[in-house]
Amino acid sequence: MQRPPQEDFSLKETKPHLGGGKVTGDKLTSTYDLVEQMQYLYVRVVKAKDLPGKDLTGSLDPYVEVRLGNYRGTTRHFEKKSNPEWSQVFAFSKERIQASVLEVNVKDKDVVKDDFVGRVMFDLNEIPKRVPPDSPLAPQWYRLEDRNGNKVRGELMLAVWMGTQADEAFPESWHSDAATVSGADALANIRSKVYISPKLWYLRVNVIEAQDLIPGDRSRFPEVYVKAILGNQALRTRVSMSKTINPMWNEDLMFVAAEPFEEPLILSVEDRVAPNKDEVLGRCAIPLQYIDRRFDHRPINSKWYNLEKHIMVEGEKKKEIKFASRIHMRLYLEGGYHVLDESTHYSSDLRPTAKQLWKSSIGVLELGILNATGLSPMKTKDGRATTDAYCVAKYGQKWVRTRTIIDSFAPKWNEQYTWEVFDPCTVITIGVFDNCHLHGGDKPGGARDSRIGKVRIRLSTLETDRVYTHSYPLLVLHPTGVKKMGEIHLAVRFTCSSLMNMMHMYSQPLLPKMHYIHPLTVTQLDSLRHQATQIVSMRLSRAEPPLRKEIVEYMLDVGSHMWSMRRSKANFFRIMGVLGGLIAIGRWFDQICNWKNPITTVLIHILFLILVLYPELILPTIFLYLFLIGVWYYRWRPRNPPHMDTRLSCADNAHPDELDEEFDTFPTSRPPDIVRMRYDRLRSIAGRIQTVVGDLATQGERLQSLLSWRDPRATALFVIFCLIAAIVLYVTPFQVVALLTGFSVLRHPRFRHKLPSAPLNFFRRLPARTDCML
């Protein structure tokens, strides 16, 4: 399949006029300094008094109509009230204003035709400007006039001013851009919002033993197991090997729980009386609010819980309370782990659940979502193609959603958001979507918001205090191949509060201590990550307005572990790219041996002779050489943050059959049945191989990034370390260094720490090219 040229998918640096203020040093002198200023005319309608009656009964159903040229916004109406209070704000985009007069009309709601009560007129040239952090403009009383300009009975309290999107009134105001949207629910769906992910805990259920069980059939040995249910998660222990009425298990079951805890943990002890037939011997429900919380690896006391048994009496379930069996368990919420709900390659948060274990923040991330250009048509409305685009950005527990720009292929948002940063080796994800809920449509199985594309930015690849302004391509893979859906224009700044704290982070473990002291198995982590993403998507879809399931799953990369021939090939080529350097060194050495360049070969002979005669110079020479390479490569350090690379992802030349396989359902929908079974098995195994190959490639790319300045702070640390190591090794006898190194590697386990060493932590924090994978 022929693809457009690679530059079509390239990153472009831009020079937008940010903030509308002057640049002072690295920062701008404006409240919204990472976005372009957008001018709006604001009208705050507060209340009215002494309005005259219009109906035959002398009553009035008042509402206010704000009219500016072709744009018209209305407040809600009150029934039979002459002193109504509205407190609503209207915002009109200045670049779309085609009138010189603002008209604020008070009207009486009527069945046939609304009656005119009075109006207030404003000349747009006379309207004052307000620049935050100035205090909001105080509303004033204005006397109503009739259509001829004569004063009539009644007064209206208004505030009218020119401002920008930095105004406090902006998020909740009615926008002239949304004039075509109908319904209160639909208006809520287009406003910008901030969401917070639910606080997630790991719940550990250590099932120890049960006591005094009463099986239904006492003539046989019971085959007993424990089933635990939390929400839609269900786990069970193995069948106890001790076939008695006091069985033992001593088995751990792990769940994901979210605050606020809405559902109890339900435990049932069951006896397998026959194949596919189980009898419940006892059950108990435990509210999570009263469960102990553990912040480290110290043991928690176990407890006995009574098991209740239900019997059927005249068709109704009733508790049998003659005799209670018991179950011995250790239940606690794990606060020392980080609940993984994102792909580990793109984690935006690595803190433990318990706030007591959080370290102080190291800086601030600011994101300006400016605009998009060249968006593809996503749907048809009234016989023409259209797109109603909005952005979602996710970092840590905070999700933000911009307002929806109606019917535009080049929407301008110019919204700015801020996050606290606790670890520089994290990733912010920005996605662009098409809003399919402008006129209601929130029915089960109804419209889904379409994905337009996303961008990932790793914070450690950004220089501190620099404003990055780039236009990122929005790339989406379709069954027909990779497609560019447009470009999004972003401004990003990472500000560091303490350079020493940030440099210290590179020696710290990536995840909290408990992940290394009591590690979870790979199978457990996969299952728990799936449950965590389901909980987050369910909770955010219940917000108002909802952040829908398809949005959350796309942002969290759910399903990225599935087998794909394209991804496997991409990971293979990444490994070959890493090994390419070693192959080049081998070729160069072969040329030295074959005297292809006699002068170089003679110089290598002299260097080899010196190092053999003075072996103490070997290590200082290597470190000095690495230091010089690092300094030399500084000239070619990357100036732009990484972005989606179609060539690296093997998306620009993927075979149609490979794409058909990637977009195939799982299990496969391809006949016949036997082929389907074998095909699924192959995909499952190949998916694991793909992950392993990708992890190998990641380790090699981290080695490459030591001197590439992809992470400027990490390379600076390594280059400085190389210089110091070269000097120390130069003055220290080689034999001493060799002995210390050997004894350190062979030291007794009691002298080893359970946490990873500082060099290993530093290496794991180095960026790989996973950020550029599509």
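Each remark here, short or long, concerns the structure printed above.
Description of the structure in this document. As the structure is a prediction and not an experimental result, all values here were calculated from the model.

Here's the deal with the overall build of the chain
Then, in step 1: Secondary structure assignment for the chain yields 13 helices and 32 strands.
Then, in step 2: Projected onto the principal axes, the alpha-carbon positions of the chain cover approximately 105 × 90 × 55 Å.
Then, in step 3: Within the chain, the fraction of its 774 residues that count as buried is 47%.
Then, in step 4: Here the contacts in the chain between residues at least 6 apart in sequence split such that 71% fall between residues at least 24 apart.
Then, in step 5: Entry remark: accessible area of the chain is about 39,800 Å², with carbon and sulfur atoms responsible for 57%.
Then, in step 6: Taken together, the 103 basic and 86 acidic charged side chains of the chain have centroids lying 4 Å from each other.

Focus: the nonpolar core
Here is a general trend for soluble globular proteins: nonpolar side chains tend to be buried in one another's company.
Then, in step 1: Membership of the largest hydrophobic core comes to 63 residues, with the highest contact counts inside it found for Trp 399, Ile 488 and Leu 490.
Then, in step 2: Sequence-distant contacts of Ile 488, that is, excluding residues within four places in its chain, are made with Ile 369, Asn 371, Ala 372, Cys 391, Ile 430, Val 432, Val 455, His 470, Ser 471, Tyr 472 and Leu 474.
Then, in step 3: Residues Trp 201, Val 224, Leu 281 and Ile 286 belong to the second largest nonpolar core, which totals 29 residues.

Examining the side chain of Gln 165
Then, in step 1: Among the secondary structure elements, Gln 165 is positioned in the loop between β11 (151-164) and β12 (174-175).
Then, in step 2: A residue is classified by how much of its surface remains accessible, and Gln 165, at 2% relative accessible area, is buried.
Then, in step 3: Looking at Gln 165, its side chain comes within polar contact range of the main-chain oxygen of Glu 36, at 2.9 Å.
Then, in step 4: Each residue touching Gln 165, except ones within four places of it in the same chain, is listed here: Tyr 32, Val 35, Glu 36, Gln 37, Met 38, Tyr 40, Tyr 42, Phe 170 and Asn 414.

Side note on the pattern of salt bridges
Where side chains of opposite charge bring their charged atoms close, a pairing between them can arise.
Then, in step 1: Per the counting criterion, the structure on display carries 42 salt bridges.
Then, in step 2: Between Glu 334 and Arg 294 there is a salt bridge; the shortest N-O distance is 2.8 Å. One end of the pair, Glu 334, is in strand β22 (residues 316-334); the other, Arg 294, is in strand β20 (residues 292-294), with 40 residues separating them in the sequence.
Then, in step 3: In this structure Glu 334 comes out as buried when scored by relative accessible area, which is 0%.
Then, in step 4: Classification of Arg 294 as buried rests on a relative accessible area of 6%.
Then, in step 5: Here Asp 388 ties to Lys 381 by a salt bridge, and the two come within 3.7 Å at their closest N and O atoms.
Then, in step 6: Classification of Asp 388 by relative accessible area gives buried; the value is 0%.
Then, in step 7: One network of salt bridges, with partners in common, ties together Glu 65, Arg 67, Arg 72 and Lys 107.

Some thoughts on the sheet that holds strand β31 (residues 467-478)
Then, in step 1: An order of β1-β31-β32-β23-β28 is seen for the five strands of this open sheet, with the pairing classed as antiparallel. A strand with exactly one partner marks an edge of an open sheet, and here the two such strands are β1 (12-13) and β28 (412-421).
Then, in step 2: Where β31 meets strand β32 (residues 481-496), twelve bridges bridge the pair, whose relative direction is antiparallel. By the bridge assignment, His 478 is partnered in β32 with Gly 481.

Considering the side chain of Asn 435
Then, in step 1: Its location among the elements puts Asn 435 in the loop between β29 (427-434) and β30 (450-458).
Then, in step 2: Given a relative accessible area of 0%, Asn 435 falls into the buried group.
Then, in step 3: Those residues in contact with Asn 435, other than ones at most four positions away along the chain, are Asn 189, Ile 190, Lys 379, Asp 388, Tyr 390, Arg 401, Thr 404 and Asp 449.

Quick notes on the packing of aromatic side chains
Then, in step 1: Applying the stated criterion across every chain, the model contains 17 aromatic pairs.
Then, in step 2: Put simply, the rings of Tyr 40, Tyr 42, Trp 161 and Phe 170 pair up and form one aromatic cluster.
Then, in step 3: One residue, Arg 635, lies across the ring of Trp 632, its end atom 4.8 Å from the ring centre.

Parameters at a glance
Residues numbered from 1 in each chain as written. Predicted model: local features only at pLDDT ≥ 70, side-chain atom pairs only at ≥ 80, totals over all residues. Heavy atoms only, no water. Helix = DSSP H or I, 4+ residues; strand = E, 2+ residues; numbered from the N terminus. Buried < 20%, exposed > 50% of the residue type's maximum accessible area, 1.4 Å probe, protein only. Contact = heavy atoms within 4.5 Å. Areas by Shrake-Rupley, 256 points an atom, 1.4 Å probe, with all protein chains shown as cover. Lys, Arg positive; Asp, Glu negative; His and termini not counted. Charge placed at Lys NZ, Arg CZ, Asp CG, Glu CD. Core = buried A, V, L, I, M, F, W, Y, C linked by side-chain atoms within 4.5 Å. Polar contact = N/O pair within 3.5 Å; in protein donor to acceptor, adjacent residues only side chain to side chain. Salt bridge = Lys/Arg side-chain N within 4 Å of Asp/Glu carboxyl O. Pairing = 2+ DSSP bridges. Phe/Tyr/Trp six-rings, centres within 6.5 Å; stacked < 30°, edge-to-face > 60°. Lys NZ or Arg CZ within 6 Å of the ring centre and 35° of its normal.

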